[in-house]
Amino acid sequence: MNRISNITRTTKETDITLKIDLDGDGKVSTDTGIGFFDHMIDAFGRHGCFDVELKAKGDLDVDTHHTVEDCGIVLGSAIKEALGDKMGITRYGHFILPMDEVLVLCAIDLCDRPFFVFDAQFDAESIGNFETETVREFFYAVSYSAGMNLHLKVLSGGNSHHVAEALFKCFARALKEAVSLDPRVKGIPSTKGRI
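> Explain the packing of helix α3 (residues 134–146) against helix α4 (residues 160–179) here, please?
For any two helices packed against each other, one specifies the inter-axial angle together with the distance between the axes. Between α3 and α4, the least distance of the axes is 11 Å, while the angle of their chain directions is 15°. Accordingly, the angle class assigned to the pair α3 and α4 is roughly parallel. For α3 against α4, the interelement crossing comes out left-handed. Counted together, Val 135, Phe 138, Phe 139 and Val 142 of α3 and Ala 164, Leu 167, Phe 168 and Phe 171 of α4 form the full contact between these two elements. Split by residue class, the contact of α3 with α4 holds 8 nonpolar, no polar and no charged.

Structure below.
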C-alpha cells in the first residue's frame, strides 16, 4: 500500500510544497525560513516515522503566522490524501509524552469530523523568530484540513521550548498509532461503514 501524498499550496502570502510518506522511517528535509519550526517538523517526522519533505516561502517580513498556519493546512491535507479510504487503519491514537519538566497529552480520532481542543500556555512570546501563539494555529489548521478530532493538553508546563517540542512529538506519536494498519481491521473502522 502506497500512502504518500504531495501537496502544493500557493497564495499571495505563502508558497508551500509538502510530501509525506506515512509509512516512512523518519527521513525529514525541511526549509521554511523559521529555524525553530524546521526543528519541530523534523521532530514530528522522526518521532512519527513519517518521511517529510517541506519547502515553504512566506511573508516572514510580516511575521511567521501565515507560513506556520499554511504549513498546517498543507500537512493536514496531505495526511488526509495519503490515508485515502482509511481501510484497515487503527483510527484512534493517543500518547502522553514527558520532556523534562513538561508533560503533554495528545488524543486523535481520524473520523473526518474536525474538532480541535488545545490547552497549553507559553511563558515566552517567541522562540527564536517563531511566535509561540502560532503553535495553536498550526495544529488547528492540521486538524481541520485532515478532518481530524485532535485534543492537545499540557498536563504540566514549563519552559516554552520544551512545551512546544513536547506538543509536536506527542502529536507525532499519537498520529503514528492512529494511521497504523491493523490486520484485524477488515474494511473501514466505523459502525457507519464509512469515515
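> When you look at the pairing of strand β3 (residues 28–31) in this model, what are you seeing that I'm missing?
In summary, the side chains of a regular strand alternate between the two faces of the sheet. Two elements, β3 and strand β4 (residues 51–58), share 4 bridges in a ladder whose sense is parallel. The residue bridging Asp 31 from the neighbouring strand is Lys 55, located in β4. In this view, the connection linking β3 to its parallel neighbour β4 by way of helix α1 (residues 35–48) has left-handed handedness.

> Looking at this structure, I do not really get the pattern of salt bridges. What am I missing?
Oppositely charged side chains can pair when the atoms bearing their charge come close. Taken as a whole, this structure holds 11 salt bridges when the rule is applied. A salt bridge links Arg 3 to Asp 23; the shortest N-O distance between them is 2.7 Å. Here Arg 3, found in the segment before β1 (4–10), pairs with Asp 23, found in the loop between β2 (14–21) and β3; they are 20 residues apart in sequence, far enough to count as distant. Classification of Arg 3 as buried rests on a relative accessible area of 3%.

> Teacher, can you tell me more about the pairing of strand β7 (residues 115–119) here?
Side-chain alternation along β7 places Phe 116 and Phe 118 on a buried face and Phe 115, Val 117 and Asp 119 on a face that remains uncovered. Pairing geometry for β7 and strand β10 (residues 149–156), over 5 bridges, is parallel. Note on β10: the bridge partner recorded for Asp 119 is Lys 153.

> I keep staring at the side chain of His 162 and nothing clicks. Help me out?
Looking at the element boundaries, His 162 is found in helix α4. Accessibility expressed as a relative area gives 18% for His 162, which makes it buried. A distance of 2.9 Å separates polar atoms of two side chains, one belonging to His 162 and the other to Glu 101. Here His 162 is in contact with Met 99, Asp 100, Glu 101 and Val 102, once residues within four sequence places are set aside.

> Can you help me understand the environment of Glu 81 in this one?
Of note, Glu 81 is situated in helix α2 (residues 65–83). On the basis of relative accessibility, which here comes to 44%, the residue Glu 81 falls in the partly exposed class. In the structure, Glu 81 is positioned 59 residues away from Tyr 140 in sequence and 18 Å away in space, judged by C-alpha atoms. Once residues within four sequence positions are removed from consideration, Glu 81 is found in contact with Ser 5, Asn 6 and Ile 7.

> Please explain the sheet that holds β10 as it appears in this structure.
Strand pairing within a sheet occurs via backbone hydrogen bonds; the two strands may be parallel or antiparallel. Strand order in this open sheet of 4 strands is β5-β6-β10-β7, and the pairing throughout is mixed. Two strands lie at the open edges of the sheet, namely β5 (92–99) and β7, each paired on one side alone. Sheet twist, expressed as the average angle between the axes of neighbouring strands with direction ignored, equals 10°. Of the strand pairs in this sheet, strand β6 (residues 102–109) and β10 are connected by 7 bridges, and their pairing is antiparallel. Bridged to Ala 107 within β10 is His 151. Most of the contacts of α3 go to β7, to which it runs at about 160°, and overall it touches β7 and β10.

> Looking at this model, I keep getting lost on the nonpolar core. Mind explaining?
Nonpolar side chains tend to gather and get buried jointly when the protein is soluble and globular. If you look at the biggest cluster of nonpolar residues, it comprises 57 residues, and the most contacted ones within it are Ile 20, Ile 108, Phe 139, Leu 167, Phe 171 and Leu 175. The greatest single-element share of this core, amounting to 12 residues, is contributed by α4. Here Ile 20 is in contact with Arg 3, Ile 4, Ser 5, Phe 44, Phe 50, Asp 51, Val 52, Leu 75, Ala 78 and Ile 79, once residues within four sequence places are set aside.

Calculation notes
- Residues numbered from 1 in each chain as written.
- Predicted model: local features only at pLDDT ≥ 70, side-chain atom pairs only at ≥ 80, totals over all residues.
- Heavy atoms only, no water.
- Axes fitted to C-alpha atoms, helices over the stretch in contact; angles between N-to-C directions.
- Helix = DSSP H or I, 4+ residues; strand = E, 2+ residues; numbered from the N terminus.
- Parallel < 35°, antiparallel > 145°, perpendicular 65-115°, else oblique.
- Left-handed = near helix turned anticlockwise from the far one by under 90°.
- Contact = heavy atoms within 4.5 Å.
- Nonpolar A, V, L, I, M, F, W, Y, C, P; charged D, E, K, R; others polar.
- Pairing = 2+ DSSP bridges.
- Right-handed = clockwise from strand over helix to strand, strands pointing away.
- Salt bridge = Lys/Arg side-chain N within 4 Å of Asp/Glu carboxyl O.
- Buried < 20%, exposed > 50% of the residue type's maximum accessible area, 1.4 Å probe, protein only.
- Polar contact = N/O pair within 3.5 Å; in protein donor to acceptor, adjacent residues only side chain to side chain.
- Core = buried A, V, L, I, M, F, W, Y, C linked by side-chain atoms within 4.5 Å.

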